[in-house]
Amino acid sequence: MGPSVYLAERFLLLLSGRTAAGFIDLEAPLVDNVIHTARALGKRMEHMTVMIQYRERHQQAIEAVRATGARVRLFDDGDVTCAIAAAIESSGIDLFYGIGGAPEGVISAVAIQCLGGEMQARLLPATTFEHERCVGMGLSDPNRVLTLRDMVASDECIFAATGTTPGLLLNGITTESGLGAVTHSLLTNGQPNAVHFIRTVHSSREVG
């Protein structure tokens, strides 16, 4: 991971899966990105789904996407999981857009790199101090678009997550009679660009 996580508190993010990689552009209007992604995926606009966090700051983006005929899937929390979903075809999410925490953005970038998707981001310095910190750490133009390679410079990376509560991609922790706790995890790395969903049974003796 690059140092960008320490530069500013928030990112503006746009990301897609492998098939639409190369078709997104954070500097273009969001509507254009939805249209170009639909073409890349061979989907009709009404079959497109864009994931956006349910926040007042995103209201204009939500309305713009809906005006195209595409669907908007809103979420409250879980930035990382919802971002990753756009790079997993079976999730039904085609595009992710919005402003979120920079640390969560960089964590998401690792997963997107492993999954072969595309992610673009722009730091949003909220104060003069954050802007100067960006410049001081070598980012002469804090407003420039960062590519996935700016955030994850190597294919030698691993992303792993385990669900604690039920979510979009992972089940929460459950218990099974006679077995103990059951967890559901996601594991992917930068070499084979494959994602593994792992169900693990923890015996009561093991967790005790």
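Further up the page is the structure itself.
An account of the accompanying structure is given in this report. On a predicted model such as this, the values are computed, not experimentally measured, just so you know. (Residues numbered from 1 in each chain as written. Predicted model: local features only at pLDDT ≥ 70, side-chain atom pairs only at ≥ 80, totals over all residues. Heavy atoms only, no water.)

Concerning the overall build of the chain
In terms of helices and strands, the chain carries 7 helices and 9 strands. Taken against the 2.2 N^0.38 rule, which gives 17 Å for 208 residues, the C-alpha radius of gyration of the chain at 18 Å falls within 12% of a compact globule. Across the 208 residues of the chain, 46% fall into the buried class. Sequence-distant contacts in the chain: of pairs separated by 6 or more residues, those separated by 24 or more amount to 60%. Just so you have it, the chain exposes about 10800 Å², and 51% of that area is on carbon and sulfur atoms. (Helix = DSSP H or I, 4+ residues; strand = E, 2+ residues; numbered from the N terminus. Rg over C-alpha atoms; globule rule 2.2 N^0.38 Å. Buried < 20%, exposed > 50% of the residue type's maximum accessible area, 1.4 Å probe, protein only. Contact = heavy atoms within 4.5 Å. Areas by Shrake-Rupley, 256 points an atom, 1.4 Å probe, with all protein chains shown as cover.)

Some details on the pairing of strand β3 (residues 71-75)
The pairing of strand β2 (residues 49-53) with β3 spans 5 bridges and is classified as parallel. Bridge pairing in β3 links valine 50 to valine 72. You can see the chain leave β2, run along helix α2 (residues 59-67) and come back into β3, and the turn it takes is right-handed. (Pairing = 2+ DSSP bridges. Right-handed = clockwise from strand over helix to strand, strands pointing away.)

Notes on α2
Those residues of α2 not exposed but buried are Ala61, Ile62 and Val65. One side of α2 holds all its buried residues, which, seen down the axis, span an arc of 100 degrees. The exposed set on the far side of α2, more than 90 degrees from its buried face, consists of Gln60, Glu63 and Ala67. In this structure, the buried side of α2 is in contact with α1 (30-41), β2, β3 and β4 (95-101). (Arc of directions from axis to C-beta.)

Topic: the pairing of strand β1 (residues 10-16)
In terms of residue burial, β1 counts as a mostly covered element, since 6 of its 7 residues are buried. In terms of strand pairing, β1 meets β4 through 7 bridges, oriented antiparallel. Within the sheet, the bridge partner assigned to leucine 12 lies in β4 and is isoleucine 99. Where β1 lies against strand β5 (residues 118-123), 6 bridges are found, and the strand directions are antiparallel. Of the residues in β5, the one forming a bridge with serine 16 is glutamate 118.

A few points about the pattern of salt bridges
For the structure shown, the criterion picks out 7 salt bridges. A salt bridge links aspartate 150 to arginine 144, with the nearest nitrogen and oxygen atoms 3.4 Å apart. (Salt bridge = Lys/Arg side-chain N within 4 Å of Asp/Glu carboxyl O.)

Some thoughts on the packing of aromatic side chains
All told, the structure shown has 1 aromatic pair when counted by the stated rule. Both rings, one in phenylalanine 75 and one in phenylalanine 96, keep their centres 6.0 Å apart while their planes meet at 35 degrees; by these two values the pair is tilted. Residue phenylalanine 75 is located in strand β3, and its partner phenylalanine 96 is located in strand β4; the two are separated by 21 residues in the primary sequence. Grouping residues by exposure puts phenylalanine 75 and phenylalanine 96 together as buried. (Phe/Tyr/Trp six-rings, centres within 6.5 Å; stacked < 30°, edge-to-face > 60°.)

Digging into the sheet that holds β3
The 5 strands are arranged β3-β2-β4-β1-β5 in an open sheet whose pairing can be described as mixed. The strands lining the two open edges of the sheet, one partner per strand, are β3 and β5. When strand polarity is set aside, the average angle formed by the axes of neighbouring strands in this sheet is 20 degrees. (Axes fitted to C-alpha atoms, helices over the stretch in contact; angles between N-to-C directions.)

Some words on the nonpolar core
By size, the foremost hydrophobic cluster in this structure holds 37 residues, and its most contacted members are Phe11, Ile84, Phe96 and Met119. Within the residue set of this core, elements represented by two or more residues are β1, α3 (79-85), α4 (102-115), β5 and α6 (148-151). Element by element, the count of residues in this core is highest for α4, at 8 residues. In terms of nonpolar packing, the next biggest core, distinct from the first, is built from 19 residues, Met45, Ala61, Val65 and Leu95 among them. (Core = buried A, V, L, I, M, F, W, Y, C linked by side-chain atoms within 4.5 Å.)

Here's the deal with the side chain of threonine 188
Its place among the elements puts threonine 188 in strand β8 (residues 180-189). Of the polar contacts made by the side chain of threonine 188, one reaches the backbone oxygen of alanine 194; its length is 2.7 Å. When sequence neighbours within four positions are dropped, the list of residues in contact with threonine 188 reads Cys114, Leu115, Cys157, Ile158, Phe159, Ala194 and Val195. (Polar contact = N/O pair within 3.5 Å; in protein donor to acceptor, adjacent residues only side chain to side chain.)

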